[in-house]
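What the coordinates show
Below are the chains, spelled out letter by letter.
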Amino acid sequence: PRIVAAAGAFLATLAAAQKDTVQFAQGDTEQKQRWSNLPGGVFQRAGLRWADMNEAQRNAWLAVMQATLSDAGYDRVPAEWRADDALAARGAGGGRSPQFGMGFYYIALIGTPSLTDPWEWQWGGHHVTINATIVGPNLVLTPSFIGVEPATYTDASGNAVRPLGDIERDAFALVNWLDKDQQRVAILGDSAIEVLLGPGADGRKAPVEGLPAARMSADQRAALMRLIRHYTGLANDEDGAARTAEVERALDETHFAWRGPTTPGSPIYFRVTGPTLVIEYAAQGPGGGGGSRTPNHIHGIYRDPTNDYAAKLLK
């Protein structure tokens, strides 16, 4: 109800032409799949552009996101978003093609906000997309693209911000907690690769490979769940808890795979694959500046192969 009410309040701030721009018919598969990590000018999005909204409309939209996401999720996603302004400030894009900056993010409502009928809100741009499908009391946040560029930037107060730093920290902690025999199973290669199930990959399957949680100690399993919760916990507390419990019930069948060095700060790729879960994280170049080899460009995906866009619920 909070999400539906916030979405209704957002629509009430819009002019008629803006409503026509932001709303799409329920079941519009083309719009559902119209998301990418590519910047504006390279990838053509549809919906209402952030740059074309006034302050009241923007605040009303942020309330929709806040009602949908957990406190941690609402901290993480806008922090990824603000990184695009930092990228633009370095001289990338602007009004040209490609286009970088917060103003080039788009909002779309697919279907009408309802307590009973299915509908979706979609928000995204360069390196971040959230697809939130609501079916009655159920919320599904898959597929969503959880990435950032630059991976580290300085905010208006002069503080260094690294929106995915906790994910990277916990991933390195887990892989280095594994013993040598476990690492031989989990580590599949010396170099990072690109995500396999990014935009345009709906319906594809990721290989189930790496170390199964059934072969981990209790402490290692807890570390794996800590990593997973960064994704299942994007949703508000009620929906996030339900999603986390679903994934944890199948933990024995969940695999952890790694590519790249195990030294923190290295370019790496990891994947967590379970019956209802695929998480991918690919940290890559370019370098972080000043001669640093720290990856400053991160792609990531969060999917449920059984329930992307709430497919299982819609059946």
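A short tour of the structure in this document, coming up. (Residues numbered from 1 in each chain as written. Predicted model: local features only at pLDDT ≥ 70, side-chain atom pairs only at ≥ 80, totals over all residues. Heavy atoms only, no water.)

1. Quick word on the nonpolar core
Keep this limit in mind: We define the nonpolar core as a collection of buried residues of types Ala, Val, Leu, Ile, Met, Phe, Trp, Tyr and Cys that are connected through side-chain atoms lying within 4.5 Å of one another. A simple rule labels every residue: compare its accessible area, found with a 1.4 Å probe on the protein chains alone, to the largest value its type can have, and call it buried under 20%, exposed over 50%, or partly exposed in between. The contact definition used throughout considers only heavy atoms, calling two residues in contact when any of these lie within 4.5 Å.
Core analysis: the largest hydrophobic core is formed by 74 residues, its most contacted members being F10, W61, W121, W123, F256 and F270. Residues in contact with W123, not counting those within four places in the same chain, are W61, M65, V77, W81, Y105, Y106, I107, V128, T129 and I130.

2. Brief notes about the environment of N296
Under the convention used in this document: Comment: elements are numbered from the N terminus, with helices defined as DSSP H or I runs of at least four residues and strands as E runs of at least two. In the analysis that follows, any N or O atom pair within 3.5 Å is treated as a polar contact, provided that within protein one partner can donate a hydrogen and the other can accept it, and provided that, for residues neighboring in sequence, both atoms belong to side chains.
Take N296: it is sitting in strand β15 (residues 292-303). Relative accessible area serves as the criterion here: at 7%, N296 is assigned to the buried category. Along the primary structure N296 and T152 are separated by 144 residues, whereas in three dimensions their C-alpha atoms are 6.7 Å apart. There is a polar contact of 3.0 Å between the side chain of N296 and the backbone nitrogen of A151. From its side chain, N296 meets the backbone nitrogen of T152 in a polar contact 3.2 Å long.

3. Focus on the pairing of strand β3 (residues 106-110)
Which entries qualify depends on this criterion: Each pair of strands is called paired provided DSSP finds at least two bridges between the two strands.
Most of β3 sits out of view: 5 of its 5 residues are buried. Here β3 shows a buried face lined by Y106, A108 and I110 and a second buried face lined by I107 and L109. With 2 bridges joining them, strand β1 (residues 23-24) and β3 adopt parallel strand pairing. The partner of Q23 across the bridge, within β3, is L109. Relative to β3, strand β2 (residues 48-49) runs antiparallel, the two being bridged by 2 bridges. Opposite L48, over in β3, you have I107 as the bridge partner.

4. A short note on the packing of helix α1 (residues 2-12) against helix α4 (residues 55-68)
Rules: Axes here mean lines fitted to C-alpha atoms, for a helix over just the part in contact, with angles spanning 0 to 180 degrees between N-to-C directions. Here roughly perpendicular refers to angles of 65 to 115 degrees, roughly parallel to angles under 35, roughly antiparallel to angles over 145, and oblique to all remaining angles. Only Asp, Glu, Lys and Arg are considered charged, only Ala, Val, Leu, Ile, Met, Phe, Trp, Tyr, Cys and Pro nonpolar, and every remaining residue, Gly among them, polar.
The interhelical angle for the contact between α1 and α4, taken along N-to-C directions, is 170°, at an axis separation of 8 Å. The angle between α1 and α4 places the two elements in the roughly antiparallel class. Counting all contacts with α1, which are made through R2, I3, A6, A7 and F10, the residues of α4 involved are Q57, A60, W61, A63, V64, Q66, A67 and T68. Grouping the amino acids of the contact of α1 with α4 by side-chain chemistry returns 9 nonpolar, 3 polar and 1 charged.

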